[in-house]
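# Commentary on secondary and tertiary structure
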Amino acid sequence: MGLVMQGAAMTENEILGAVRRFEWRRKVGLGMALLGVVAAGAVAVQFVPGDPDHFSKTEFLAFGAAAIAFIAGGLVLMRLGRIPADAHTPRIAMLRAERLQGRRHIALMLMPLSLGFMLPGAIRAAGHVADGRLVTHIDMFTVAAFTSFSLLFALMIAGRGLDRWAKPVLDDELSRELRSRALAVGYFVVLLGVAVLFVVSLVSRTAAVDLIPVVTALGVAGPALRLFMLERAAGAGGDEG
Amino acid sequence: MIGYRLRNRLKEARAELGLTQTELALRVGVSRKTINTVENEVFVPSTSLALALAAAFERPVEALFYLSRDED
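The following paragraphs examine the structure supplied in this document. (Residues numbered from 1 in each chain as written. Chains lettered and ligands numbered in written order. Predicted model: local features only at pLDDT ≥ 70, side-chain atom pairs only at ≥ 80, totals over all residues. Heavy atoms only, no water.)

Turning next to the overall build of chain A. Scanning chain A for helices and strands turns up seven helices and two strands. If you list the helices and strands of chain A from N to C, you get β-β-α-α-α-α-α-α-α. Out of the 241 residues in chain A, the part that is buried amounts to 32%. For chain A, restricting intrachain contacts to residue pairs at least 6 apart in sequence, the fraction spanning at least 24 positions comes to 76%. (Helix = DSSP H or I, 4+ residues; strand = E, 2+ residues; numbered from the N terminus. Buried < 20%, exposed > 50% of the residue type's maximum accessible area, 1.4 Å probe, protein only. Contact = heavy atoms within 4.5 Å.)

Given below as structure tokens:
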């Protein structure tokens with residue numbers, strides 16, 4: 001299939017290669033902008049009273065400057081990484097969406113692991129609030145990071161926030177059906193986990209509290225793993241050409 | 001419906017027109033995996049998808065989909 005891009009006819013593989021380069025640029029830009037947001041967040045929490053351990057003036061200025069530079073640089077790169085209109089044919093969109101689906105599966109498998117690592121820190125920070133202890137900037141950062149990451153994970157597994165070109169592949173009838181089946185697994189795991197927690201709490205309250213992160217982690221990892229398996233099974237046995 | 005199973009002739013119809021799963025998916029506006037699972041009778045399509053598939057082949061929906069008694 002010959003399409004015209006940047007003044008010359010390109011094959012489908014060449015278009016996909018070019019799109020990949022644009023996507024990389026956009027991803028690097030997004031990464032930079034997110035780093036900038038993190039730096040800006042670190043600066044913003046200095047204005048929250050309560051924690052005596054503030055940035056020095058130099059640190060404050062350095063983080064502020066880094067935030068501005070990274071956000072501005074990231075936005076410029078994202079702007080330069082916009083996919084050309086010529087690459088928006090239905091077939092190219094489908095090929096891109098299928099490739100994106102593969103990457104999303106890997107992310108869906110890794111994100112519960114990351115959440116599992118972050119969970120003890122978030123619980124510790126929540127404990128500081130519950131006990132009326134001093135909430136440090138690290139606590140605020142941990143809770144904010146955990147909450148943002150959980151929201152991102154929920155959006156991904158619910159198929160929200162997809163680009164319009166990716167919707168026919170990533171949010172079609174089958175995808176919605178597979179997601180609902182996967183989420184049902186999480187629901188079942190959490191219900192079972194709550195029952196187990198109740199029984200354990202009759203014996204030892206401390207052990208039950210210690211088990212809460214495990215139940216939560218399983219409730220998050222279960223649907224992700226199930227979705228990965230269902231999607232893989234759905235793609236098996238095709239006669240692609 | 002208890003005792004019946006939805007079967008289809010999608011693969012044969014597609015072969016007659018010489019279409020790949022991707023080409024059919026593009027015509028209907030779904031993913032290749034959806035076409036694959038419908039063909040393999042792993043996934044039961046909605047009425048609107050069944051009608052869209054029939055429209056893509058320019059055939060009545062009963063020519064593509066039919067009920068058969070479940071042997072199990």
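A count of helical and extended segments in chain B gives five helices and two strands. Moving toward the C terminus, one meets the helices and strands of chain B in the order β-α-α-α-α-α-β. Within chain B, the fraction of its 72 residues that count as buried is 46%. Residue pairs in contact within chain B that sit at least 24 positions apart in sequence constitute 63% of those at least 6 positions apart. Roughly 4,000 Å² of accessible area belongs to chain B as shown, and the carbon and sulfur atoms make up 51% of that amount. (Areas by Shrake-Rupley, 256 points an atom, 1.4 Å probe, with all protein chains shown as cover.)

With that out of the way, let us pick up the side chain of Ser31 of chain B. Relative to the helices and strands, Ser31 of chain B resides in the loop between α2 (21-28) and α3 (32-39). For Ser31 of chain B, a relative accessible area of 5% gives the class buried. In terms of polar contacts, Ser31 of chain B uses its side chain to reach the side chain of Thr34 of chain B, at 2.9 Å. Beyond its immediate sequence surroundings of up to four residues, Ser31 of chain B is in contact with Met94, Pro168, Val169 and Asp172 of chain A together with Ala25 of chain B. (Polar contact = N/O pair within 3.5 Å; in protein donor to acceptor, adjacent residues only side chain to side chain.)

Here we take up unusual backbone geometry. Residue and element names in this part refer to chain B. Its identity as a non-glycine residue notwithstanding, Glu41 has a phi of 60°, on the positive side. Assignment of secondary structure puts Glu41 in the loop between α3 and α4 (47-57). Look at Glu58: it is not a glycine, yet its phi comes out positive at around 55°. Residue Glu58 is classed as exposed on the basis of its relative accessible area, which comes to 74%.

With that out of the way, let us pick up the side chain of Arg96 of chain A. Residues and elements named next belong to chain A. The residue Arg96 is located in helix α3 (residues 90-130) in this model. The exposure class assigned to Arg96 is buried, which follows from its relative accessible area of 1%. Polar contacts involving the side chain of Arg96 include one to the side chain of Glu23, which spans 3.1 Å. Once residues lying within four places of it in the same chain are set aside, the contact partners of Arg96 are Leu16, Val19, Glu23, Arg26, Ile83, His88 and Trp165.

The next point concerns the interface of chain B and chain A. Frequently, the measure chosen for interface size is the accessible area that the parts lose on association. Taken residue by residue, the interface counts 19 residues in chain B and 21 residues in chain A. Regarding the contact of chain B and chain A, the summed buried area is about 1,700 Å², with carbon and sulfur atoms giving 52% of it. If you look at where chain B meets chain A, you find two salt bridges. Taken together, chain B and chain A are joined by six residue pairs in polar contact (both at pLDDT 80 or more). Taken together, the elements giving at least two residues each to the side of chain B that touches chain A come down to α2 and α3 of chain B. Here the side of chain B that touches chain A is built from residues that sort into six nonpolar, ten polar and three charged. (Buried area = accessible area lost by both parts, 1.4 Å probe. Salt bridge = Lys/Arg side-chain N within 4 Å of Asp/Glu carboxyl O. Nonpolar A, V, L, I, M, F, W, Y, C, P; charged D, E, K, R; others polar.)

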